[in-house]
Amino acid sequence: RFSEGFQEIKWGTPKENLPDLGIGKSAFENIYAKGPSATLFMEGVGNLKMQFEEIPLIAIYLRFQDARFTGFDFVFNSQHRDRMRVAMEKDMGKPGEPCTEGLCWKEGTLNMTLTDRELLLMQKLNP
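This structure is a prediction, so every number in the text was calculated from the model and none was measured.

Caption draft 1: Structural context of the sheet that holds strand 3 (residues 36–42). Taken in spatial order, the six strands of this open sheet run 3-6-7-10-9-8, and their pairing is antiparallel. This sheet does not close on itself; its edge strands, each paired only once, are strand 3 and strand 8 (103–107). Neighbour to neighbour, the strand axes of the sheet diverge by 15° on average, direction disregarded. Sitting on the sheet, helix 2 (residues 81–92) is in contact with strand 7 (68–75), strand 8, strand 9 (110–114) and strand 10 (118–123), with an inclination near 25° to strand 8.

Caption draft 2: Expanded view of the nonpolar core. Among the nonpolar cores identified, the biggest contains 32 residues, and F2, F6, I60, L62, F72, F74 and M84 are the most heavily contacted of them. Ranked by the residues each element gives to this core, the list is headed by helix 2, at four residues. Not counting the four nearest positions on each side in its chain, F72 is found in contact with F2, F6, W11, Y61, L62, R63, L119, L120 and L121.

Caption draft 3: Representation of the environment of V75 in the model. Here V75 shows up in strand 7. Relative accessible area serves as the criterion here: at 13%, V75 is assigned to the buried category. Once you skip the residues sitting within four places of it in the chain, V75 turns out to touch L57, I58, A59, Y61, R117 and E118.

Caption draft 4: Just the environment of K94, in detail. The residue K94 is located in the loop between helix 2 and strand 8 in this model. Judged by relative accessible area, K94 falls into the exposed class, the value being 65%. Taking the C-alpha atoms as reference points, K94 and W105, separated by 11 residues in sequence, lie 7.9 Å from one another. Not counting the four nearest positions on each side in its chain, K94 is found in contact with E89 and W105.

Caption draft 5: Examining the side chain of Q123 more closely. Residue placement: Q123 occurs in strand 10. One polar contact links Q123 to T109, side chain to side chain, over a distance of 2.3 Å. Contacts of Q123, omitting those with residues within four sequence positions, involve W11, T70, T109 and L110.

About the criteria used
- Residues numbered from 1 in each chain as written.
- Predicted model: local features only at pLDDT ≥ 70, side-chain atom pairs only at ≥ 80, totals over all residues.
- Heavy atoms only, no water.
- Pairing = 2+ DSSP bridges.
- Helix = DSSP H or I, 4+ residues; strand = E, 2+ residues; numbered from the N terminus.
- Axes fitted to C-alpha atoms, helices over the stretch in contact; angles between N-to-C directions.
- Contact = heavy atoms within 4.5 Å.
- Core = buried A, V, L, I, M, F, W, Y, C linked by side-chain atoms within 4.5 Å.
- Buried < 20%, exposed > 50% of the residue type's maximum accessible area, 1.4 Å probe, protein only.
- Polar contact = N/O pair within 3.5 Å; in protein donor to acceptor, adjacent residues only side chain to side chain.

Interpretation note: all reported values are geometric properties and have no functional meaning in isolation.
This is the structure we're talking about:
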């Protein structure tokens, strides 16, 4: 599901080539040319789908490194953790080796972590 990207945004997409995300100019400017940065989406902010496998999301952070899209964080109500785990196992299989943060999956250069309230995904990009 995430091997190519997220909601039609391919991994590594430069900031200037992003589709219209419906975010304000100041949020767009906070995607830094150097180093890590993120932009926040909540209900009524931007135009991302605020659900995953019918699980409502409180927020989505899109993550960037050097102004290139590298990942996301889904923030959800902790009561939906088991549903999120089931959805991830359906696509990714059982979690891999244990990690201190929660349940972890790794597929190629993708690293995914499920905590009590978040699903974090990071794509390691080539320099």
